[in-house]
Amino acid sequence: MKLLVVEDEFQVRERIAYGIAWADYEIEMAGAVGNGREAVAAVEKDCIDLVITDIHMPDMSGLELAKVLKQEYPHVKIIILTGFDHFEYARDSIDYGVLKYLVKPAENEVVLEAVLKAKQLREQELGEIHHLAMLQQRWIEHLPHLKQLFYKNWLNGRLSSWELEKRSQEIGVSLAGNIYLPVTLDMDPIAEAEDRFQAGERPLIQYSLYNITRDVMEDTDGIVLQDDDGLTAVIFFAPTGAEVAAFQRKVNQLLGRLLSTVKTCLKLTASAGIGTCVEDPALLPIAYKMSRMALQERIVLGNETVIPYRNDVPSKTPWLNITDLEKEIEIAVETGNESKRSELIRHVMAIGFSPDHPIADAKEMILRITALLTRIVHSHGWSLRETLAEDYNDFMNFNQLLAKEQLVEWLHRMMARISRSISERRRSGTHVTVSEILAFVDRHLYEEELSLYFVAEKLYMNYAYASRVFKEVTGSSFSDNVLRLRMEKAKELLAAGCKVYEVAERVGYKNGNYFSRSFQKYWGIKPSEIYKP
């Protein structure tokens with residue numbers, strides 16, 4: 001639940017925004033701004049749920065703000081906080097959907113109580129909107145899309161073993177107890193004499209093949225989807241224990257009928273490549289690649305044909321395990337998790353150097369790890385040479401390592417180096433962001449309303465991101481930093497002989513008395529005492 005404070009008096013604004021432990025009540029302080037226009041901009045950019053606003057403010061009053069929010073963002077719960085206890089204000093507040101009308105000076109406990117009631121009301125509304133029955137209905141409507149996405153990711157080998165099991169359970173798909181046979185279908189090249197279709201219409205023809213396949217396979221045990229490159233893929237399945245030869249004959253018959261239907265409907269031909277039968281779901285991506293390889297043989301065998309893959313059947317190998325490991329290694333390197341990296345290196349060495357695997361497998365596994373580390377570096381747009389620096393030559397000469405212990409040390413060093421580079425560049429990026437914010441603030445200290453929303457908008461930054469990195473780098477809030485910069489600048493100007501009223505304007509205070517009070521509170525002396533002998 002996000003709360004926005006709108007108050008033109010700096011001290012009151014700070015007291016409400018940062019004098020109450022909002023996080024203890026599961027309320028996020030989204031920001032504190034000084035007028036209604038900034039508040040509207042904040043609500044437009046962020047998902048604000050609750051607003052506390054003063055009435056009398058420059059540019060746009062609190063009641064005008066409430067009117068806008070009621071029209072544009074009726075879900076926002078508004079609490080009015082003002083020093084004017086007038087009946088007209090209270091009446092207008094009701095008309096504009098204001099939930100609570102508080103008269104200053106309202107203690108923090110009173111403000112907190114009002115906000116908690118508003119939060120409770122908003123939560124009730126959200127509960128009704130997201131009622132369980134409605135969510136279940138939406139889930140049912142969205143489930144076919146989720147299943148298609150799951151099948152595509154499964155077929156293309158994008159899911160590790162644990163992801164395959166977890167996501168299949170989430171969408172109610174049972175993978176165990178079946179044998180699988182993947183098929184790839186594609187329209188054959190269009191003859192030059194064919195004048196019904198233009199060269200750029202191939203995606204349309206491929207989509208037609210996909211739709212015809214869905215219609216023909218509607219009542220069969222098969223899953224039909226369109227792959228990323230437009231090819232139609234079918235995952236046929238049968239119960240474990242079914243006769244494989246009979247299952248394959250049935251698939252061939254279905255494909256023959258399908259290709260005949262395509263020719264009748266489109267007056268064009270298509271071909272199919274058949275993979276091999278697999279029982280282990282983790283082997284399906286390999287079998288699917290085989291079906292695509294089989295399809296490529298139409299170059300030799302001709303069009304309008306069904307081509308089976310005739311080489312070795314895929315088997316469970318260490319390479320399936322290393323695929324899962326690669327994903328875990330990438331996460332550990334990206335996040336800088338040293339203990340996880342060490343655990344994964346031990347796992348890699350246990351697989352690659354186990355007694356039942358030849359040394360050639362170990363070397364090939366290390367080659368895959370080097371390719372993975374290279375891919376991680378390049379995904380950030382960096383080169384290996386600049387990222388690894390003095391370790392670059394050792395990385396490139398990994399094939400000269402002779403002992404298992406050397407490989408372990410090499411893996412630790414290279415992964416740590418890449419993790420460190422990623423961490424340093426991220427920190428550098430956040431420091432640059434904060435430097436830009438502080439530089440902007442320094443140039444605009446004369447502006448009275450210098451909120452982070454205002455700065456983020458001017459610098460084309462996301463407010464939530466700017467707020468997070470600013471707190472992370474400086475260790476304090478934006479408003480604290482603005483106050484510090486203003487007070488330091490004011491002290492400098494006063495020491496140089498500037499008048500108090502001039503200094504007040506130059507550091508963003510339109511009210512000289514308010515500036516004097518703020519200065520004395522911050523430095524412990526009056527502004528007029530700075531340049532007195």
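Rules used in this analysis
- Residues numbered from 1 in each chain as written.
- Predicted model: local features only at pLDDT ≥ 70, side-chain atom pairs only at ≥ 80, totals over all residues.
- Heavy atoms only, no water.
- Axes fitted to C-alpha atoms, helices over the stretch in contact; angles between N-to-C directions.
- Helix = DSSP H or I, 4+ residues; strand = E, 2+ residues; numbered from the N terminus.
- Left-handed = near helix turned anticlockwise from the far one by under 90°.
- Contact = heavy atoms within 4.5 Å.
- Nonpolar A, V, L, I, M, F, W, Y, C, P; charged D, E, K, R; others polar.
- Salt bridge = Lys/Arg side-chain N within 4 Å of Asp/Glu carboxyl O.
- Buried < 20%, exposed > 50% of the residue type's maximum accessible area, 1.4 Å probe, protein only.

Our next topic: the packing of helix H13 (residues 338–352) against helix H17 (residues 404–443). It is the contact of H13 with H17, at a shortest axis distance of 11 Å, that shows an interaxial angle of 145°. The interaxial crossing formed by H13 with H17 has right-handed handedness. Note on element contacts: H17 touches H13 through Lys 404, Leu 407, Val 408, Leu 411, His 412, Met 415, Ala 416 and Ser 419, opposite Arg 341, Ser 342, Ile 345 and Met 349. Taken together, the residues that form the contact of H13 with H17 break down as seven nonpolar, three polar and two charged.

Let's shift gears to the pattern of salt bridges. Under the criterion given, the structure shown has 28 salt bridges. Between Asp 49 and Arg 122 there is a salt bridge, with its nearest N and O atoms 3.3 Å apart. Pair noted here: Asp 49 is in the loop between helix H2 (36–45) and strand E3 (50–53) and Arg 122 is in helix H5 (residues 108–129), with a separation of 73 residues, a long-range link. Residue Asp 49 shares its accessibility class with Arg 122, and that shared class is buried. The partner of Glu 163 in a salt bridge is Arg 167, and the shortest N-O contact between them spans 3.7 Å. Highlighted residues: Glu 163 and Arg 167, both in helix H7 (residues 161–170), separated by four residues, approximately one helical turn. What makes Glu 163 buried here is its relative accessible area of 14%. For Arg 167, a relative accessible area of 36% corresponds to the partly exposed category. Among the ionic contacts, a cluster of salt bridges with common partners joins Glu 390, Asp 391, Asp 394, Glu 409, Arg 413 and Arg 417.

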